[in-house]
Amino acid sequence: MKTYQVDENGFYGAFGGAFIPEMLYPNVEELRNCYLEIMADPGFSEEFHHLLRDYVGRPTPLYFAGRLSERFGCRIYLKREDLCHTGAHKVNNTIGQILLARRLGKKRIIAETGAGQHGVATATVCALMGLPCVVYMGEVDIARQAPNVARMKLLGAEVRPARSGSRTLKDATNEAIRDWINNPEDTHYIIGSVVGPHPYPDMVARFQAVISEEIGAQLLEKEGRDAPDYLIACVGGGSNAAGAYYHYLDREEVGIIAVEAAGKGVHTGESAATSALGRVGIIHGSKTLLMQTADGQITEPYSISAGLDYPGIGPMHAHLYASGRGEFHSITDAEAMEAGRRLAALEGIIPAIETSHAFAVLEKRPFGPQDVVVINLSGRGDKDLQTYIDYFNL
Ligand SMILES: *Cc1c(COP(=O)(O)O)cnc(C)c1O
């Protein structure tokens, strides 16, 4: 059967795999050999779902957005990941990975972070489990994301600055990989999106798949059918989107819509529109689409939303793009900011600016009056308040 899921070698079509230095091989191989078995264990699944319910606050509501639906002439539902503990979907994955790390007997956790959202989600679960946590973060990002740095410290994590290169996310990732190579026995590396070498993209997608599992049950109750006509999600690395799409990937009657950040415009040189601009290359151990110069140097991405500011996309999404299964849109800073303001005014929900990009698609493309459209509301806007203030002169 044709499938958009990962194959046994860790590929989605031509994308994915594990292109890693030999020194990393034992760590990645250990994970690859046991992640499916651990996740299939009933005891593991019970503990995961118990924490998702009582700690994260799942299931998150599937909310029928009446005023937004009226405005855009279709039936719009919002999957409220913004109501998760810590304010976004990222914690679904960090809960899953910390439980997995414990099963593997790991005593120490490392992570990389750009905007700090994944760092906070990781520091949170390390506090929950009493495990020491080191978060690598570019020096530039540490300076511009002070509240999240403070959160991580309050949660007991150590934030280690990455001082090389552009001193942003990719440099932090390089530092984390170096740490993991040096501490293969006792350390687990929690990657924050559906990126990195196999099995990370598949593992993270499976942890986030709780989103589409809940959408199915909730839609059945509200609409009498378990699938929407369209699913819309923003894509940085692609984890909230992968979670929203997961159970619908192979149901081609469900339209999959992925939304990237065009920054100041796709062709301005200040963008993160990876599918539009990217070419095949290898980033963080995975063969995927990425923004690069003619001689293969990774281009520094730009977006007003720190969480979409990544030069690649996960291999699942590269395949959805290349195969035509997914419909991809690029949304500018300005379009996203207006969409965020509109959601706040029409529904009383202030979204994260990453999420605002997904809502901007409603302006770009028509839907029919009978269409059931689910938008994954990946996170809340509290963290972005200063950006909204500066942008709109509030
Ligand atoms: C981090 C983040 C994203 C982007 O990450 P994905 O892995 O693409 O989901 C999107 N929305 C919010 C609210 C985030 O915090």
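None of the values given here were measured: they were computed from a predicted structure. (Residues numbered from 1 in each chain as written. Predicted model: local features only at pLDDT ≥ 70, side-chain atom pairs only at ≥ 80, totals over all residues. Heavy atoms only, no water.)

A. The packing of aromatic side chains, seen in detail. In this structure the tally under the stated criterion is 12 aromatic pairs. Judged by centre distance (6.4 Å) and plane angle (90 degrees), the rings of Phe 11 and Phe 19 are edge-to-face. Residue Phe 19 is classed as partly exposed on the basis of its relative accessible area, which comes to 36%. Between the aromatic rings of Phe 44 and Phe 207, the centroid separation amounts to 6.3 Å while the plane-to-plane angle is 35 degrees, which identifies the pairing as tilted. Highlighted residues: Phe 44 in helix H2 (residues 42-56) and Phe 207 in helix H9 (residues 200-208), separated in sequence by 163 residues. (Phe/Tyr/Trp six-rings, centres within 6.5 Å; stacked < 30°, edge-to-face > 60°. Buried < 20%, exposed > 50% of the residue type's maximum accessible area, 1.4 Å probe, protein only. Helix = DSSP H or I, 4+ residues; strand = E, 2+ residues; numbered from the N terminus.)

B. The arrangement of the side chain of Ser 286 in detail. With respect to the secondary-structure elements, Ser 286 resides in strand S12 (residues 286-290). Those residues in contact with Ser 286 that sit more than four places away from it in its chain are Gly 16, Gly 17, Phe 19, Gly 196, Gly 281 and Pro 315. (Contact = heavy atoms within 4.5 Å.)

C. Representation of the nonpolar core within the structure. Counting residues in each nonpolar core, the largest one holds 90 residues, and the members touching the most others are Leu 100 and Tyr 245. Two domains each provide a minimum of three residues to this core, namely domain 1 (11-51 + 90-203) and domain 2 (59-88 + 209-392). Leaving out residues up to four positions away in the same chain, Tyr 245 has contacts with Ser 212, Leu 231, Ala 233, Ile 256, Ile 257, Ala 258, His 317 and Leu 320. In this structure, Ala 261, Ile 331, Leu 343 and Ala 358 belong to the second largest nonpolar core, which totals 28 residues. (Core = buried A, V, L, I, M, F, W, Y, C linked by side-chain atoms within 4.5 Å. Domains from an automatic or database assignment.)

D. Up close: the domain arrangement of the protein. Split into domains, the protein comes out as domain 1 (11-51 + 90-203) and domain 2 (59-88 + 209-392). Its C-alpha centre places domain 1 at a distance of 23 Å from the equivalent point of domain 2. Summed over both partners, the interface of domain 1 with domain 2 comes to about 2,600 Å²; 67% of that surface belongs to carbon and sulfur atoms. Linking domain 1 with domain 2 are 0 salt bridges. Viewed at the interface, domain 2 and domain 1 are joined by 8 residue pairs in polar contact (both at pLDDT 80 or more). (Buried area = accessible area lost by both parts, 1.4 Å probe. Salt bridge = Lys/Arg side-chain N within 4 Å of Asp/Glu carboxyl O. Polar contact = N/O pair within 3.5 Å; in protein donor to acceptor, adjacent residues only side chain to side chain.)

E. Fine view of the site of the ligand. Lys 90, Ser 193, Gly 236, Gly 238 and Ser 239 are the nearest of the 16 residues found near the ligand. Ser 378 places a side-chain nitrogen or oxygen 2.8 Å from a nitrogen atom of the ligand. In isolation the ligand exposes 380 Å². Once the protein is present, 97% of that is buried. Only helix H11 (239-245) and helix H15 (353-364) provide two or more residues apiece to the shell around the ligand. Tallied by class, residues from the shell around the ligand come to 3 nonpolar, 11 polar and 2 charged. (Near = heavy atom within 4 Å. Areas by Shrake-Rupley, 256 points an atom, 1.4 Å probe, with all protein chains shown as cover. Nonpolar A, V, L, I, M, F, W, Y, C, P; charged D, E, K, R; others polar.)

F. The arrangement of the sheet that holds strand S8 (residues 187-190) in detail. Spatial strand order, S7-S6-S5-S8: 4 strands in an open sheet with parallel pairing. Only two strands of the sheet have a single partner each, and these edge strands are strand S7 (158-162) and S8. For this sheet the average axis-to-axis angle between neighbouring strands, irrespective of direction, equals 25 degrees. Bridging between strand S5 (residues 108-113) and strand S6 (residues 133-138) involves 5 bridges; their strand directions are parallel. From the neighbouring strand, Thr 113 faces S6, where its bridge partner is Met 137. Relative to the sheet, helix H4 (residues 90-103) contacts S5 and S8, its axis offset from that of S8 by approximately 165 degrees. Those strands touched by helix H5 (residues 117-129) are S5, S6 and S8, and its axis lies near 165 degrees from that of S5. (Pairing = 2+ DSSP bridges. Axes fitted to C-alpha atoms, helices over the stretch in contact; angles between N-to-C directions.)

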